[in-house]
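Below, each chain spelled out in residue letters.
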Amino acid sequence: MSLLSVLSSCLTDWTSLILVLLIIYISNFYYNYFMRPNPLPGPIPIPILGTIHIIGMNPLTWYNKNKKKAGTIWEFYIGSQRNIVINHAKHAEKLCKPTKSFFKRFPFPMFERMGLNHGIFFNNDYNLWHRRRRLVIRALMATKFLRGLVLCIQNQFKASEERWKSKIKDGIEFDFSEWMRYFATDIQTIQTTKQHSYCVALFDTNKKLVQSEEIKKSLEFTNATKKFFHSFGFFIYIPPFIWDYVPGFNLYSKSCERNINYLNDVVNNIINKRKKELEEGAELDSDLLDHLLIAHTLKDPDSKNNDNVAPITAKEVTALTWDILLAGTDSTGNAFSFLLYYIAKNPNVLAKIHKEIDEIFGPDSNIEFTLEKLDNCHYIEATIKESLRLILLGPYTAKISDGIQNIAGYNWPSGTRFWIDHQTLCNNPDYWEDNETFNPDRFLNKNHGGSSELSNFQKISFTPFGCGLRSCAGKLVAMNVMKSLVVLFYRKYNIELKNENIKYHYSALNQVYDLKIRIRLRDGSSL
Ligand code: HEM
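Cut-offs applied
Residues numbered from 1 in each chain as written. Predicted model: local features only at pLDDT ≥ 70, side-chain atom pairs only at ≥ 80, totals over all residues. Pairing = 2+ DSSP bridges. Helix = DSSP H or I, 4+ residues; strand = E, 2+ residues; numbered from the N terminus. Axes fitted to C-alpha atoms, helices over the stretch in contact; angles between N-to-C directions. UniProt positions renumbered as here; feature names shortened; annotations may be inferred. Buried ≥ 20, exposed ≤ 12 C-beta atoms within 10 Å, placed from the backbone. Contact = placed C-beta atoms within 7 Å. Near = placed C-beta within 6 Å. Nonpolar A, V, L, I, M, F, W, Y, C, P; charged D, E, K, R; others polar. Expected span 1.5 Å × (residues − 1). Arc of directions from axis to C-beta.

Draft legend 1. Region of the structure containing the sheet that holds strand E3 (residues 172-175). Strand order in this open sheet of three strands is E3-E11-E8, and the pairing throughout is antiparallel. Only two strands of the sheet have a single partner each, and these edge strands are E3 and strand E8 (493-497). Going from strand to strand, the sheet's axes swing by 30° on average, the running direction of each strand aside.

Draft legend 2. Representation of the UniProt feature "binding site: heme" (unreviewed entry) in the protein chain. The feature "binding site: heme" (unreviewed entry), as annotated in UniProt, sits at Cys472 in this numbering. Residue position: Cys472 is located in the loop between helix H22 (456-461) and helix H23 (475-490). Exposure remark for Cys472: the 19 C-beta atoms within 10 Å place this residue in the partly exposed category. Excluding anything up to four places from it in sequence, Cys472 contacts Phe465 and Gly466.

Draft legend 3. Structural context of the site of the ligand. Taken together, 26 residues are adjacent to the ligand, and Ala327, Gly328, Gly466, Cys472 and Gly474 come closest. When contributions to the shell around the ligand are tallied by element, the ones reaching two or more residues are helix H7 (126-141), helix H17 (314-345) and H23. Looking at the shell around the ligand residue by residue, the class counts come to 14 nonpolar, nine polar and three charged.

Draft legend 4. Main features of unusual backbone geometry. For Asn38, which is not glycine, the phi dihedral falls at a positive 50°. Tracing the sequence through the fold places Asn38 in the loop between helix H1 (3-34) and helix H2 (52-55). Of note, the phi angle at Ala408 is positive, near 55°, even though the residue is not glycine. Tracing the backbone through its elements, the reader meets Ala408 in the loop between strand E5 (405-407) and strand E6 (410-412).

Draft legend 5. Spatial organisation of H7. Under the 1.5 Å per step criterion, the end-to-end length of H7 is 21 Å for 16 residues, consistent within 8% with the ideal 22 Å. Looking at H7, one finds that the buried residues are Trp129, Arg132, Leu135, Val136, Ala139 and Leu140. Seen from one end, H7 has its buried residues packed into an arc of 135°, which puts them on one side. Opposite its buried face, H7 presents the exposed residues Tyr126 and Asn127, each directed more than 90 degrees away. Here the buried face of H7 lies against helix H8 (143-164), helix H15 (288-296), H17 and H23.

Here it is, written out as structure tokens:
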């Protein structure tokens, strides 16, 4: 037998083996699919890809075309993994209760590999998560922290106003979505780590600001966080063995890995620098990093009162700092861009905002305001809520069940993957009257100058910050950032949209782009 014929017979044997294995895999896949308990409407999956070729990276695209067929519960596949989507308050109630039955998020193997599960966002260990979450909540809800935040926003805004000064009389045109993303990055970076990121300064000066090493480094960091966000969908929807072994995909996942390593190094350097300053006697500040660093030493009140509580580790400090930087930046930035768009489209709402601002803050549009003043802005708060209801920043969240759970009348085994479709929950005409109308009054009850009371279904379904144990840890921060910005912009400026419609795309969050505005001084205002 020639070498060639041995080779070709081996090859044939290998090919046949692969073919047989493939047939077994496909038969097994479809056997499991057709025998699944509680079959629901949804596109038929294909092996390995699941339904990604039909629904793409955004389950709402399929749902919006198939509303009737999908009803209030439907399913789709990621690889061979079944996912159940809930989009009515009557089924969401149990999923949204703050119980351990729906504590777990989907695992993020890539982010776990990179150590990001030492924080709270990617953490599925209840006991570890619980203590860290308490720490973070204590820091973010502290009055001292929130007062510092409101002051920091005003200072950063003032700095932008200084740069607008020479041109504002004739009006300035710019892409607000970009400005807002940079502004949110600056605020979040300062409030989390005390570092300046100079993003807005570079934007306002058309990148002509003298670029020191510090500024260049901060820009690199901002771009790296952007890349991290954009990789989210990839790591959720593409099964791990594809991003590890399939050419092209593996190159991209390796570059994301390098990106996360780089971000980890930057955050670690910031932490070490601050740790040293504190060891050398610097005074403690109200920002998140100092709060975490207290818990990293034995000065943490939790560990003082309880011998079993160890100080949090350096890895935890890094991961928690990361969590807050990432979870808080793009979310607030995009939320405010949507809000600005809705206010511009609704002059009656703007008139009521002006009235509230004039009543609470008086005629001087340059006067500094406090956190306590913002607490009285009930109409502004209602407007923010209505904007968050109409367009969900995170249109869905996902949870894994623990123990057999009865949802929508079906019993589901432990480990079932549920998606809550918040976009549909918050806009369901069954229980949101005139659901497509921008009407902040629906959030004003009689204690706050209105006459509305949310129904039970409305309360369950109003979930822009998620729901259950894992709901947003920075809700109060986000609300205060947005309230502050409403006051800063509308007490002094007129804002005109340059495009008729808002443009946005979904990538981990709904992200606004190309929101061109023209901003000029409001009559009677001065710089
Ligand atoms: C308008 C702005 C924001 C929106 C719409 C928003 C929305 C959300 C949503 C939908 C979740 C997932 C909840 C779930 O899985 O049920 C979440 C989680 C989280 N958010 Fe926010 N968020 C915003 C701002 C912020 C800010 C400013 C911070 C921090 C300062 C923050 C920190 C977090 C953290 C740490 C988590 C993870 C909580 C956990 O797993 O226990 N968010 N947020």
